[in-house]
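One-letter residues, chain by chain:
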Amino acid sequence: RIEPVTAQVQGIFDRLEQELSTYRSDSTISQLADQAGVAPIAVSDDAFRVLSLARHFGELSEGAFDVTVAPLVNLYGFGKRPTPAALPSEEVIRAQLKLVDYSRLILKDGTAFLPLKGMAVDLGGIAKGYAVDRAFDSCRNAGIQDFLIDLSGNIRVSGRPQWGEDWQIGVRDPFDRSRIIGKITLRSGMALATSGNYERFVEMGGQRYSHIIDPKTGYPVTGTAGVTVLAQDATTADGMSTPFFVVGLKGADRLRQKAPSVDI
Ligand code: AMP
Ligand code: MG
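Residues numbered from 1 in each chain as written. Chains lettered and ligands numbered in written order. Predicted model: local features only at pLDDT ≥ 70, side-chain atom pairs only at ≥ 80, totals over all residues. Heavy atoms only, no water.

### Section: the site of ligand 1
Quick note on the threshold: We define proximity as follows: a residue is near a molecule or strand when any one of its heavy atoms falls within 4 Å of that partner. Under the rule applied, a polar contact is a pair of N or O atoms within 3.5 Å (in protein, one hydrogen donor and one hydrogen acceptor; residues adjacent in sequence only if both atoms are side-chain atoms). Only the protein chains shown count as cover for residues, and the accessible areas themselves come from Shrake-Rupley with a 1.4 Å probe. Secondary structure counts use DSSP, requiring at least four H or I residues in a row for a helix and at least two E residues in a row for a strand, with both numbered from the N terminus. Each residue receives one of three labels: charged for Asp, Glu, Lys and Arg, nonpolar for Ala, Val, Leu, Ile, Met, Phe, Trp, Tyr, Cys and Pro, and polar for the others, Gly being one of them.
Looking at ligand 1, there are 17 residues lining it, with Asp-122, Ser-195, Ile-213, Asp-238 and Thr-242 nearest. Within the backbone of Ile-213, one N or O atom sits 2.8 Å away from a nitrogen atom of ligand 1. In the complex, 95% of the free accessible area of ligand 1, which totals 500 Å², lies under the protein chains. A total of 4 residues in the shell around ligand 1 trace back to one element, the largest contributor, which is helix 7 (residues 234-258). Across the shell around ligand 1, the residue classes tally to 7 nonpolar, 6 polar and 4 charged.

### Points about the packing of helix 1 (residues 3-20) against helix 6 (residues 127-141)
Formally: Angles run from 0 to 180 degrees between N-to-C directions of axes, and those axes are lines fitted to C-alpha atoms, restricted for helices to the stretch in contact. Small angles under 35 degrees read as roughly parallel and large ones over 145 as roughly antiparallel, with 65 to 115 read as roughly perpendicular and the rest as oblique. In this scheme the handedness of a crossing depends on how the near helix is turned from the far one: anticlockwise by less than a right angle means left-handed, clockwise means right-handed. In what follows, residue pairs with any heavy atoms lying within 4.5 Å of each other are defined as contacts.
Contact pair helix 1 / helix 6: the axes reach a minimum separation of 10 Å and the direction vectors enclose 150°. The pairing of helix 1 with helix 6 is recorded here as roughly antiparallel in orientation. In the packing of helix 1 onto helix 6, the handedness of the crossing is right-handed. For the pair helix 1 and helix 6, contact is made by Val-5, Gln-8, Val-9, Ile-12, Phe-13, Leu-16 and Leu-20 and by Ala-127, Tyr-130, Ala-131, Val-132, Arg-134, Ala-135, Ser-138 and Cys-139, respectively. Of the residues that constitute the contact of helix 1 with helix 6, the class distribution is 12 nonpolar, 2 polar and 1 charged.

### Description of the pairing of strand 4 (residues 147-151)
Cut-off, in case you're wondering: Strand pairing is assigned whenever DSSP identifies at least 2 bridges connecting the two strands.
Across 5 bridges, strand 4 lies against strand 5 (residues 154-158) in antiparallel orientation. Note that in strand 5 the partner of Asp-150 across the bridge is Ile-155.

### Details of the coordination of the magnesium ion (ligand 2)
How we decide: Metal sites are built from N, O and S donor atoms within 2.8 Å, or 3.2 Å for Na, K and Ca, and they leave out water, so they may look incomplete. Donor angles set the geometry label: tetrahedral for four donors if every angle is between 85 and 135 degrees, square planar for four and octahedral for six if opposite donors exceed 155 degrees and the others are between 65 and 115, irregular for anything else. A simple rule labels every residue: compare its accessible area, found with a 1.4 Å probe on the protein chains alone, to the largest value its type can have, and call it buried under 20%, exposed over 50%, or partly exposed in between.
Surrounding the magnesium ion (ligand 2) are the protein donor atoms Gly-125 (O), Asp-238 (O), Asp-238 (OD), Ser-241 (OG) and Thr-242 (OG1), at 2.2 to 2.8 Å. Because the angles between the 6 donor atoms bound to the magnesium ion (ligand 2) fall within 71 to 170°, the donor set is best described as irregular. All donor residues of the magnesium ion (ligand 2) come from one chain, and their arrangement in sequence is G-x112-D-x2-S-T. Here Ser-241 and Asp-238 lie together in helix 7, a separation of 3 residues that amounts to about one turn. Judged by its relative accessible area of 6%, Asp-238 is buried.

Right under this line is the structure:
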């Protein structure tokens, strides 16, 4: 019977959301921001693991993935604050950029600490993938073999579908959401994540900006419409989709060499 397992999976999603969301003022992640520059806080095993993995993807992508990007995410109104009418000035952007540096996130003995007041983390680029992996393990542990988990485009499969040999996932055309530009076949255990500018964007000064920010410049990324990453687990697929989106076609080869097990 599948019902107890779906309830368990929902429980995992709810618990992780409560701990990892920036939108909840009582989440671990909000406490971490509140205590920035003050004191380390004790975090759960899950929070510690996601934060460690986020740091890892930061290093792997040479900073294209930066979990401390939250001040910029907020500046453009993707987070808690409203979107400004026009693109903020270079000066304002640069001031926020000073607070963005994943290598300054200190993780030690089950605690996390951000050394500067105003620093904050945003796990939006990795937490869904992590949640999918937790759910995946829970389904497998319950003895279920054939299933697919999809958390807003973060997908991981096991076994095979009722109607065939392999799970096939359609990838949407970023320029026309009603069209599928290709199908990807996923072997059992594999995961897929898509970062797209059509999912979330804001308009400032009549221009559209994506919800993914280049931590090198401080500006929202332009020039990438979408990227789909295939990996051995959903955390890696999610954690790598965001930096591939940032570096674009130009930087894709270099990033691929750093992460040979992923495919784009
Ligand atoms: P995804 O859809 O997985 O690419 O994640 C996008 C989300 O990650 C955004 O909504 C932000 O919350 C966050 N984010 C934006 N830019 C970055 C970045 N350069 N590194 C890490 N996370 C980011
Ligand atoms: Mg991602």
